[in-house]
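Results of the structural survey
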Amino acid sequence: MGTIRSNFAGSWYPSNSKDCESAINGFLKDTIIKTPKKMEILGGIVPHAGWFFSGSIACNVIKYLKENSSIDTIVIFGMHLGTNSPGFIMKEGEWDTPFGPLTINKKLASAIIEKFDNLEVSSKYFARDNTIELQLPFIKYFFNDVSIVPIGAPPDITGLQLGNLIPSIAKDLGNNIKILGSTDLTHYGYNYGFSPKGSGKIAYDWVRNDNDKEIIDTMMEMNAEKVIEKALKDQNACCSGAAAAAIASLKSMGANKTEQIAYATSYDKSPGDSFVGYVGLVFGKE
């Protein structure tokens, strides 16, 4: 499959390693980030907007994955998919980042494909989707030698089955994995065709304190099925399949504790009637 180039570098995040590192150093000092209580961190949920808006949250979640244990592979669930979509996976090749390429764990990806005949093996769909690429410079920066398995998980039984079984597949191969799920939260306002509370402070407070809070609470309860159900009903997670698949994987790995390290919206940096919510969650076991 060759190498996927960094299609969003230079627009959604810096195009060179120096500027990426400078941004990361700033993110690591961000005062909105909370330190999770002591646990073995197995994975997390990250947002995927441009780094200006949500890079700090994603960066710090991924940094916390580095603590407490060694890993060789990160399985990343993402992609904007509907309920009638197949799942997607990259079987081999590399994905470029400003810090150098990340290699696909071909052996693990192939084993997953053998178990799931409804997965489409493709790189072109990933190349035009931001949900996974926005995380890759952080992964390469904090885990220089780690490999990845990118997976597009639809919001249905396919995503849940993928999540449930991947940890055991990885264990059988001797891989030490961690899990990421990529989703933003409520997309509110005229730009997104969703404004049930009108505009202004009432709408902003409803997104933060009601709509986003409900999906965050559901993710923290590790109820993967309900994450999909609620997101499809309330439009408060754009990639609920990815979040649910990640949660299913983490539960299979023994996760029994969740911490929210940050919440923000694009309104906080660019006020307007259209805005998006972002959360950073880490999952682990005591």
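Summary of the structure given here. These numbers were taken from a predicted model, which means no experiment stands behind them. (Residues numbered from 1 in each chain as written. Predicted model: local features only at pLDDT ≥ 70, side-chain atom pairs only at ≥ 80, totals over all residues. Heavy atoms only, no water.)

Details of the layout of surface pockets
Considered as a void within the structure, the largest pocket measures approximately 270 Å³ in volume. In terms of lining residues, the largest pocket is bounded by 15 residues, among which L42, N175, N176, I177 and M253 are the most central. The dominant element in the lining of the largest pocket, judged by the number of residues it contributes, is helix α7 (residues 157–173), at 4 residues. Here the lining of the largest pocket is composed, by residue class, of 5 nonpolar, 6 polar and 4 charged. There is about 160 Å³ of room inside the second largest pocket. The leading source of residues in the lining of the second largest pocket is strand β12 (residues 275–285), at 3 residues. For the lining of the second largest pocket, the class distribution of residues is 7 nonpolar, 7 polar and 1 charged. (1 Å grid on protein atoms, 1.4 Å probe; cavity = no way out; pocket = protein on both sides within 12 Å on 5 of 7 lines; lining within 4 Å. Points joined across faces, edges and corners; volume = space filled by probe spheres on them. Helix = DSSP H or I, 4+ residues; strand = E, 2+ residues; numbered from the N terminus. Nonpolar A, V, L, I, M, F, W, Y, C, P; charged D, E, K, R; others polar.)

Things to note about the side chain of N175
Tracing the chain through its elements places N175 in the loop between α7 and β9 (177–182). Among the residues examined, N175 registers a relative accessible area of 18% and is labelled buried. A distance of 3.2 Å separates the side chain of N175 from the side chain of D72, its partner in a polar contact. Excluding residues that lie within four positions of it along the chain, N175 makes contacts with D72, T73, N105, L108 and A170. (Buried < 20%, exposed > 50% of the residue type's maximum accessible area, 1.4 Å probe, protein only. Polar contact = N/O pair within 3.5 Å; in protein donor to acceptor, adjacent residues only side chain to side chain. Contact = heavy atoms within 4.5 Å.)

Focus on the environment of T83
Position of T83 among the secondary structure elements: in the loop between β3 (73–78) and β4 (87–89). Considering only alpha carbons, one finds T83 and P154, 71 residues apart in sequence, at a separation of 6.0 Å. Sequence-distant contacts of T83, defined by excluding residues within four places in its chain, comprise P155, D156 and L232.

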